[in-house]
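Coordinates in review
For reference, the chains in residue letters:
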Number of protein chains: 2
Amino acid sequence: MSRWPLPEAMQLALAQARAGESAGEVPIGAVVIKDGTVIAAAHNAPRALHDPTAHAEVLAIRAAAMALGNERLDGCELWVTLEPCAMCAGAISHARIARLYYAAADPKGGAVDHGARVFEHEQCLHAPEVYSGMGEAEAGALLKAFFAARR
Amino acid sequence: MSRWPLPEAMQLALAQARAGESAGEVPIGAVVIKDGTVIAAAHNAPRALHDPTAHAEVLAIRAAAMALGNERLDGCELWVTLEPCAMCAGAISHARIARLYYAAADPKGGAVDHGARVFEHEQCLHAPEVYSGMGEAEAGALLKAFFAARR
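It should be emphasised that the depicted structure is a prediction, and the values quoted were computed from it without experimental measurement. Residue indices follow the written sequence of each chain, beginning from 1 at its first position. Numbering of ligands from 1 and lettering of chains from A proceed in the order in which they are written. Predicted model: local features are reported for residues with pLDDT of at least 70 only, side-chain atom pairs are reported and counted for 80 or more only, and whole-chain, interface and lining totals are derived from all residues. For the side-chain quantities, the full set of heavy atoms in the structure was used; hydrogens and water were omitted.

What follows is about the relation of the copies chain B and chain A. Residues below a pLDDT of 70 in either copy are left out; the C-alpha atoms of the rest, at least 70 in both, set the least-squares superposition of the copies. Here chain B sits on chain A after a turn of 180 degrees about the axis and a move of 0.0 Å along it, with an RMSD of 0.0 Å. Here the two chains are linked by the operation of a two-fold rotation axis. The C-alpha atom lying nearest the rotation axis in chain B is that of M87 of chain B; the distance is 1.8 Å. In this assembly, 100% of the residues forming the interface of chain B have copies in chain A that are likewise at the interface, indicating an isologous arrangement. Note on definitions: a residue-residue contact is assigned when non-hydrogen atoms from the two residues lie within 4.5 Å.

Residue and element names in this part refer to chain B. Only DSSP runs of H or I reaching four residues or more are called helices, and only runs of E reaching two or more are called strands; each is numbered from the N terminus. When you line up the elements, D106 lands in the loop between strand 4 (99–104) and strand 5 (129–132). Within the buried set, D106 has no salt-bridge partner at all; the shortest N-O distance to an opposite charge, 7.5 Å, is to K108. Once residues lying within four places of it in the same chain are set aside, the contact partners of D106 are L82, E83 and H114. Each residue gets one of three labels from its accessible area relative to the maximum for its type: buried under 20%, exposed over 50%, partly exposed in between, using a 1.4 Å probe on protein chains only. When charges are counted, Lys and Arg contribute as positive and Asp and Glu as negative, whereas His and the chain ends are disregarded. Whenever a carboxyl oxygen of Asp or Glu lies within 4 Å of a side-chain nitrogen of Lys or Arg, that contact is scored as a salt bridge.

As a further point, take helix 4 (residues 86–94) of chain B. The element helix 4 of chain B is extensively covered by neighbouring structure, given that eight of its nine residues are classed as buried. Turning to helix 4 of chain B, its buried residues number three or more, namely A86, M87, C88, A89, G90, A91, I92 and S93 of chain B. In the core, the buried residues of helix 4 of chain B are packed alongside helix 4 (86–94) of chain A together with helix 3 (56–68), strand 3 (77–82) and strand 4 of chain B. Looking one or two residues beyond helix 4 of chain B, the residue adopting positive phi is R96 of chain B, at roughly 60 degrees.

Note that every value here comes from positions in space, so none of it alone points to a role or purpose.
Shown next, in the form of structure tokens:
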């Protein structure tokens, strides 16, 4: 639906979202990129994992930190299909993610540009650069179809 | 330092915090209680686990959800020695924790009664009852000694 090809990282995040949908989870995907290389990719999986913290961002961050052997992901980018919630924004801050790219805004649950605006308080010790909107049509369509099918 | 005995759950959270200190982690502990029974206990462990999300609250919530086989911890209490950050407050909300008891306030990093005040926005779909202050002297002394020793 975008008029120009999406960056590969966001295409991968959308592919993760679709994989999540196939698994019966809310279709949200995330990837962590370092120096142009994908080091982790994940989709929402709280139902399958019985883990309320298993949002795509948290899973991708945990996998990336494990892969790098370091709790800090300095210089890494996180690409995700939906605006992060407060939990995920906090995780992004703790992980020292350098740049956050999210596709669709989430006025009902987001905490980056809505609600708690986690990165905007002095209690937030690290805030990433934030870029939004790339892939928002694709990401939003996935979510809309998912919830429409379950109503 | 308290004039009355602390509730057992907070004593257990403080014991977890001390265990974290022994392991070289920031001394913060948490326990999840359901119907008067401890179903999970954890201390901060981001260094050992190479996991920036491994705060005591997140680890205790994940363990409790795994133990119950359910991503939702309806009716559960979370007892923690420090005011939760934005990430942990978000996790508490997603887990549907019924009651949160935290010992010491954290003006520099807390997101319950400071900063992002995660539970106070309409984007927060579930907010626990919050009780604070029990054990704050003990919890604060642990943290103060930990950081003083590292300066």
